[in-house]
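Breakdown of the fold
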Amino acid sequence: MRMILLGPPGAGKGTQAANLSMALKVPHISTGDIFRANIKEGTPLGVLAKSFIDAGKLVPDDVTIGIVELRLAQEDCKNGFIMDGFPRTIVQAEMFEKMLAKQHTGVKLVANIFVPDELIIKRMSGRRMCTCGRTYHIENNLPKVEGICDACGKPLYIRDDDREETVIQRLKTYDEQTSPLVEYYRREGLLKDFDGTKPIQVTTQEILDEMK
Ligand code: AMP
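The model shown is predicted, which means the values in this text are computed figures rather than measured ones. (Residues numbered from 1 in each chain as written. Predicted model: local features only at pLDDT ≥ 70, side-chain atom pairs only at ≥ 80, totals over all residues. Heavy atoms only, no water.)

Quick notes on helix α7 (residues 164–178)
For α7, with 15 residues, the first-to-last C-alpha span of 20 Å sits near the 21 Å given by 1.5 Å per residue. Every buried residue belonging to α7 is among Thr166, Val167, Arg170, Leu171, Thr173, Tyr174 and Thr178, and all of these are buried. Burial along α7 is one-sided: seen end-on, the buried residues are contained in an arc of 160°. α7 presents Glu164 and Glu165 as exposed residues on the side facing more than 90 degrees away from its buried surface. (Helix = DSSP H or I, 4+ residues; strand = E, 2+ residues; numbered from the N terminus. Expected span 1.5 Å × (residues − 1). Buried < 20%, exposed > 50% of the residue type's maximum accessible area, 1.4 Å probe, protein only. Arc of directions from axis to C-beta.)

Quick word on the packing of aromatic side chains
Applying the stated rule across the entire model yields three aromatic pairs. For the ring pair Phe81 and Phe96, a centre distance of 5.8 Å and an interplane angle of 50° mean the geometry is tilted. Within this pair, whereas Phe81 is found in strand β3 (residues 81–84), its partner Phe96 is found in helix α5 (residues 90–102), the two being separated by 15 residues in sequence. Exposure remark for Phe96: the relative accessible area of 1% places this residue in the buried category. Considering the side-chain rings of Tyr184 and Tyr185, the 5.0 Å spacing of their centres and the 85° angle between planes classify their relative orientation as edge-to-face. Each residue in the set Phe81, Phe86 and Phe96 is aromatic and connected to the rest through ring pairs, giving one cluster. (Phe/Tyr/Trp six-rings, centres within 6.5 Å; stacked < 30°, edge-to-face > 60°.)

Topic: helix α6 (residues 117–125)
The complete set of buried residues in α6 reads Ile120, Arg123 and Met124. With its buried residues spanning 95° around the axis, α6 presents them on a single face. Residues of α6 that are exposed and point more than 90 degrees away from the buried face comprise Glu118, Lys122 and Ser125. Its buried side turned inward, α6 meets β5 (127–129), β6 (135–137) and α7. (Contact = heavy atoms within 4.5 Å.)

Points about the site of the ligand
Residues in contact with the ligand amount to 16 residues; listed here are only the nearest, Thr31, Lys57, Gly85, Arg88 and Gln92. Gly85 places a polar main-chain atom, nitrogen or oxygen, 2.9 Å from a nitrogen atom of the ligand. One of the side-chain N or O atoms of Arg159 is found 3.0 Å from an oxygen atom in the ligand. About the coverage of the ligand: the protein hides 96% of its 480 Å² of free accessible area. Here the element with the most residues in the shell around the ligand is helix α2 (residues 31–41); it accounts for four residues. Of the residues in the shell around the ligand, the class split is five nonpolar, five polar and six charged. (Near = heavy atom within 4 Å. Polar contact = N/O pair within 3.5 Å; in protein donor to acceptor, adjacent residues only side chain to side chain. Areas by Shrake-Rupley, 256 points an atom, 1.4 Å probe, with all protein chains shown as cover. Nonpolar A, V, L, I, M, F, W, Y, C, P; charged D, E, K, R; others polar.)

Here is the structure:
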């Protein structure tokens, strides 16, 4: 099962990826989570990525493609993956296709999750994250214990780049650099649209149904 989740920031890609990863038993790969883990560890990759992330811009393609290549080489990816937040540019998509072609494989579904901009701003301001990749929301996706991740028990945190001015720049970056991927994958016949305003589990089920 090789799937890409596409959609603007705040569309619910992280939440859907976590659900789908559990249901389909393939890893959830989030380039954003990999960058955040590196920022936390203070690695050179983290230092580099932070300057772009804090500005609401994309980390350069060569750097991003390099980390995806390393991650895909790991054993747990051999039966597939749920890609969350990659590719984000046409160059990344083309390089990704080549990477998979080398393994004689390709992507089966690109799930495009769409939500209106007003809702995105509202969602991001209530978002709470865990370092394990789970995402929560203070209104509609609460953890069982306030401030604590259901899956791993670690404390939740607010992302630095969920500040309103950074969110506005991230949406602009999405429109300029990532949204062309919608047409790119539609032309390839891989794209299906999903309404990200529906309840979380409904969208998860719709994506799973599409996979059958
Ligand atoms: P995310 O958690 O997917 O929203 O990613 C957070 C930030 O990490 C983005 O706003 C970008 O700055 C950076 N990032 C994540 N994935 C990519 C990617 N595929 N290409 C470039 N930058 C990325």
